[in-house]
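Remarks on the overall topology
The residues making up each chain are set out below.
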Amino acid sequence: MIGLISATAAGAAARDRLAAAWPDRTRVYDGPVGDAVRRAFAECEQLVCFLATGAVVRLVAPLLGDKASDPGVVCVDEGGRFAVSLVGGHGGGANELAHEVGELLGAQPVVTTATDAVGVPGLDTLGLPVEGAVAAVSRALLDGESVTLHNESGWPLPALPVSSEGAYGVRVTDRLVELSGQEVVLRPPTLVVGVGASKGAPAEEVLELIEGSLREAGLSPRSVAALATVDAKAGEPGIVAAAERLGVPLVTHPAEELAAVEVPNPSDAPLTAVGTPSVAEAAALLGGGELLVPKRKSAASPAMATCAVVRRPVRGRLAVVGLGPGARDLLTPRAKAELQRASVLVGLDQYVDQIRDLLRPGTRVLESGLGAEEERARTAVEEARKGQAVALIGSGDAGVYAMASPALAEASDDIDVIGVPGVTAALAAAAILGAPLGHDHVSISLSDLHTPWEVIERRVRAAAEADIVVTFYNPRSRGRDWQLPKALAILAEHRQPATPVGVVRNASRPDESVRLTTLEALAPATVDMMTVVTVGNTATRDIAGRMVTPRGYRWQTSEEGSK
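For the structure given in this document, a descriptive report is provided here. (Residues numbered from 1 in each chain as written. Predicted model: local features only at pLDDT ≥ 70, side-chain atom pairs only at ≥ 80, totals over all residues. Heavy atoms only, no water.)

1. Focus: unusual backbone geometry
- Pro-302 follows Ser-301 through a cis peptide bond whose omega is 0 degrees.
- You can see Pro-302 is positioned in the loop between strand E14 (290–297) and strand E15 (305–311).
- In this structure, Tyr-401 takes a positive phi of about 50 degrees despite not being glycine.
- For Tyr-401, a relative accessible area of 44% puts it in the partly exposed group.
- Phi is positive for Asn-506, close to 55 degrees, though the residue is something other than glycine.
- Within the fold, Asn-506 resides in the loop between strand E24 (500–505) and strand E25 (513–518). (Helix = DSSP H or I, 4+ residues; strand = E, 2+ residues; numbered from the N terminus. Buried < 20%, exposed > 50% of the residue type's maximum accessible area, 1.4 Å probe, protein only.)

Dropping the structure here:
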């Protein structure tokens, strides 16, 4: 919950805008400001104070305890010009909140955290538990000192400015290790603990067994991703409580699935009780991995709990990112986040140039020219299979005439694939033209490099006969100058010569050009590969210089009929 505190009418107005926009995330604290801040600080995960920074500093200073548990605090000035991340930039999420508040209120976010300022990811923002000399190693990264990375688990990390040798170190491991005063360890969620328990097994017995097994195997409990058991034990209080205390989810599986898992230590007892010869080992091994701790029983007499520990294989990460039509403000926040999440970027050289400034220092860039789409797809998948966090970029939406399909054709289920949608050229052009896609529409590429012309022609004819608005991609190039006239002729067999046609070149870019013409008047020679051509249906109209395809609402039809 985000606590909102204000002292003036102007602050209250901005506060109320935030409360209205985030009704489920915010709580307004009224009354004397000092009391309001103290109550919100104790009750909320974050605070937005519509007060001067000096006043907030004095109010929260006596309340500060630990940066890992203190709420994040953002200050918004009286004029609503700035949203300042004051306390808890990383741990309390104040940096991200400052950006959110700024976007909503039209204020400039002010973030002074050093790592954010220079584009280096904070070690405590990587989504992994972190231990050791975080401040010292972070300072070394910022100062450009040599920091080594020992990624023992192969976990896919964002780009970090690290070297092969150095006095400081970052280690990624699920093992218990002794750290010097110049090292940080990141704990990846690689361990799954399978658990079995008799009815009524105490939570303390289950938890003691798990923690003792991990400790003796030299494994960190902070790398446990989940507890796993059989469906019949989904509500067993001791298992449920153990998962809650470890702060991990409890995953359950049907007995028949567990019975199909080959285990080293099957037993008749669980087979009789729940229908599978193994619970702990089978639940941990389901999904694959290395059995690090075979089935162990708790020390109580009689033993009421069993556990086993498996290290799951680490999976690489491939994000297929759509960059939009070219304008920076049409690049989505999710796309920006994925670009900064990657350690390897793969893309067409001209697209890489568009977003190079957004990449983290240390990002490895693999770029190539036109015509190497399949090679880029293979490269991206290969890098992900090495355990890298990869971003494969394409213009518009990466799934529309772009890199998603060749990449997914190469990828198997051994890597994680994340699709990041983008604004397509058709949508960008339509927004410029007016509302040409107000009813059913289709996009067709006129390039016969990958699709035989006979197939393209059949699709154009089908769209013409169905009276569907058509957006043509790749309409004309120097080597392909006859396809667009042919496609327009097919449409003309079913539509009037005055049918509106929108022609948009370089939609959303600085040299954007747009014109509204007709099916009869369109000159194909004025069109090139950077152009999107949108042909209306029989209902599309030119209204005040805008291309509009009516949705077909009954009230519109009745109004037109009464005129």
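2. Regarding the packing of helix H17 (residues 453–465) against helix H18 (residues 483–492)
- The geometry of H17 relative to H18 is characterised by a closest axis approach of 9 Å and an angle of 30 degrees between their N-to-C directions. In terms of orientation, H17 and H18 fall into the roughly parallel class. Of the two possible hands of crossing, H17 and H18 adopt the one that is right-handed. Here H17 contributes Trp-453, Glu-457, Val-460, Arg-461 and Ala-464 to the contact with H18, which in turn contributes Gln-483, Lys-486, Ala-487, Ile-490 and Leu-491.
- For the contact of H17 with H18, the per-class residue count stands at six nonpolar, one polar and three charged. (Axes fitted to C-alpha atoms, helices over the stretch in contact; angles between N-to-C directions. Parallel < 35°, antiparallel > 145°, perpendicular 65-115°, else oblique. Left-handed = near helix turned anticlockwise from the far one by under 90°. Contact = heavy atoms within 4.5 Å. Nonpolar A, V, L, I, M, F, W, Y, C, P; charged D, E, K, R; others polar.)

3. Quick notes on the sheet that holds strand E3 (residues 46–50)
- The sheet built from six strands is open, its strands ordered E2-E1-E3-E4-E5-E6 with mixed pairing. Strands at the two margins of the open sheet, each flanked by one partner only, are strand E2 (26–28) and strand E6 (108–110). Looking at each pair of strands side by side, their axes are set apart by 25 degrees on average, direction ignored.
- Of the strand pairs in this sheet, strand E1 (residues 2–6) and E2 are connected by three bridges, and their pairing is parallel. If you follow Ile-2 over to E2, its bridge partner there is Thr-26.
- Packing of helix H1 (residues 9–21) onto the sheet brings it into contact with E1, E2 and E3, and relative to E1 it is tilted by some 160 degrees.
- Against the sheet, helix H2 (residues 33–43) engages E1, E2 and E3, with an angle of about 175 degrees to E1. (Pairing = 2+ DSSP bridges.)

4. A short note on the pairing of E15
- A large share of E15 lies buried, amounting to six of its seven residues.
- With seven bridges connecting them, strand E11 (residues 191–197) and E15 associate as antiparallel partners. When the sheet's bridge partners are listed, Leu-191 is paired in E15 with Arg-311.
- Direction of pairing for E14 relative to E15: antiparallel, over a ladder of five bridges. Bridging across to E15, Val-293 finds its partner in Val-309.

5. Focus: the sheet that holds E11
- Pairing is mixed across the open sheet formed by five strands, whose spatial order is E13-E12-E11-E15-E14. The sheet is open, and its two edges are formed by strand E13 (250–253) and E14, each paired on a single side. With strand direction ignored, the average angle separating the axes of adjacent strands in the sheet is 20 degrees.
- The sheet contact formed by strand E12 (residues 224–230) and E13 spans four bridges and is parallel. Bridge assignment links Leu-227 to a residue of E13, and that residue is Leu-250.
- Strand contacts of helix H7 (residues 203–216): E11, E12, E14 and E15, with the helix running at about 40 degrees to E15, the strand carrying the most contacts.
- Its contacts with the sheet place helix H8 (residues 237–246) against E11, E12 and E13, and it is angled at close to 175 degrees to E12.

6. Some thoughts on the layout of surface pockets
- Its boundaries defined by the atoms lining it, the largest pocket holds a volume of some 1500 Å³.
- Of the residues belonging to the lining of the largest pocket, the class tally is 19 nonpolar, 18 polar and seven charged. (1 Å grid on protein atoms, 1.4 Å probe; cavity = no way out; pocket = protein on both sides within 12 Å on 5 of 7 lines; lining within 4 Å. Points joined across faces, edges and corners; volume = space filled by probe spheres on them.)

7. Concerning the pattern of salt bridges
- With the rule as written, the count across this model stands at 29 salt bridges.
- Salt bridges linked by common partners bring Glu-152, Arg-171, Arg-175 and Glu-183 together as one network. (Salt bridge = Lys/Arg side-chain N within 4 Å of Asp/Glu carboxyl O.)

8. Let's talk about H1
- Here H1 contains 13 residues, and its C-alpha end-to-end distance of 18 Å stays within 8% of the 18 Å for a straight helix at 1.5 Å per residue.
- Three or more residues of H1 are buried, namely Gly-11, Ala-12, Ala-14, Arg-15, Leu-18 and Ala-19. Mapping the buried residues of H1 onto a view down its axis gives an arc of 165 degrees, with all of them on the same face. Away from its buried face, by an angle of more than 90 degrees, H1 presents the exposed residues Ala-9 and Ala-20.
- Contacts made by the buried residues of H1 are with E1, E2, E3 and helix H4 (94–105). (Expected span 1.5 Å × (residues − 1). Arc of directions from axis to C-beta.)

9. A word on the environment of Val-535
- Considering the arrangement of structural elements, one finds Val-535 in strand E26 (residues 531–535).
- Using a relative accessible area of 0% as the deciding quantity, one classes Val-535 as buried.
- Considering only alpha carbons, one finds Val-535 and His-441, 94 residues apart in sequence, at a separation of 9.7 Å.
- Other than its neighbours up to four places away in sequence, Val-535 contacts Val-469, Val-470, Phe-472, Leu-488, Leu-491, Arg-495, Thr-499, Pro-500, Val-501, Leu-519 and Met-547.

10. Digging into the pairing of strand E10 (residues 183–186)
- Burial along E10 is two-sided: Glu-183 and Val-185 and Val-184 and Leu-186, pointing in opposite directions, are all buried.
- Of the strand pairs in this sheet, strand E7 (residues 130–132) and E10 are connected by three bridges, and their pairing is antiparallel. In the strand pairing of E10, Val-130 is matched with Leu-186.
- Pairing analysis gives four bridges linking strand E9 (residues 168–172) to E10, with the strands arranged parallel. Pairing of Val-172 across the sheet is with Leu-186, part of E10.

11. Digging into the nonpolar core
- Among the nonpolar cores identified, the biggest contains 22 residues, and Val-193, Ile-210 and Leu-227 are the most heavily contacted of them.
- Listing elements by their share of this core, those giving two or more residues are E11, H7, E12, H8 and E15.
- The biggest single contributor to this core is H7, with five residues.
- Excluding residues that lie within four positions of it along the chain, Val-193 makes contacts with Ile-210, Val-224, Ala-226, Leu-227, Ala-228, Cys-307, Ala-308 and Val-309. (Core = buried A, V, L, I, M, F, W, Y, C linked by side-chain atoms within 4.5 Å.)

12. What to know about the packing of aromatic side chains
- Enumeration according to the criterion identifies two aromatic pairs in this entry.
- A ring pair is formed by Tyr-401 and Tyr-473, whose centres lie 4.8 Å apart and whose planes are at 50 degrees; its orientation type is tilted. Here the residue Tyr-401 occupies a position in the loop between strand E19 (389–394) and helix H15 (404–410), and Tyr-473 occupies one in strand E23 (residues 469–473), the gap between them amounting to 72 residues.
- For Tyr-473, a relative accessible area of 11% puts it in the buried group.
- Geometrically, the ring pair formed by Trp-453 and Trp-482 is edge-to-face, given 5.0 Å between the ring centres and 70 degrees between the ring planes. With Trp-453 in helix H17 and Trp-482 in the loop between E23 and H18, this residue pair connects regions lying 29 residues apart in the sequence.
- Classification of Trp-453 by relative accessible area gives buried; the value is 10%.
- In this structure, Arg-25 is placed above the aromatic ring of Trp-22, and the distance from its NZ or CZ to the ring centre is 4.3 Å. (Phe/Tyr/Trp six-rings, centres within 6.5 Å; stacked < 30°, edge-to-face > 60°. Lys NZ or Arg CZ within 6 Å of the ring centre and 35° of its normal.)

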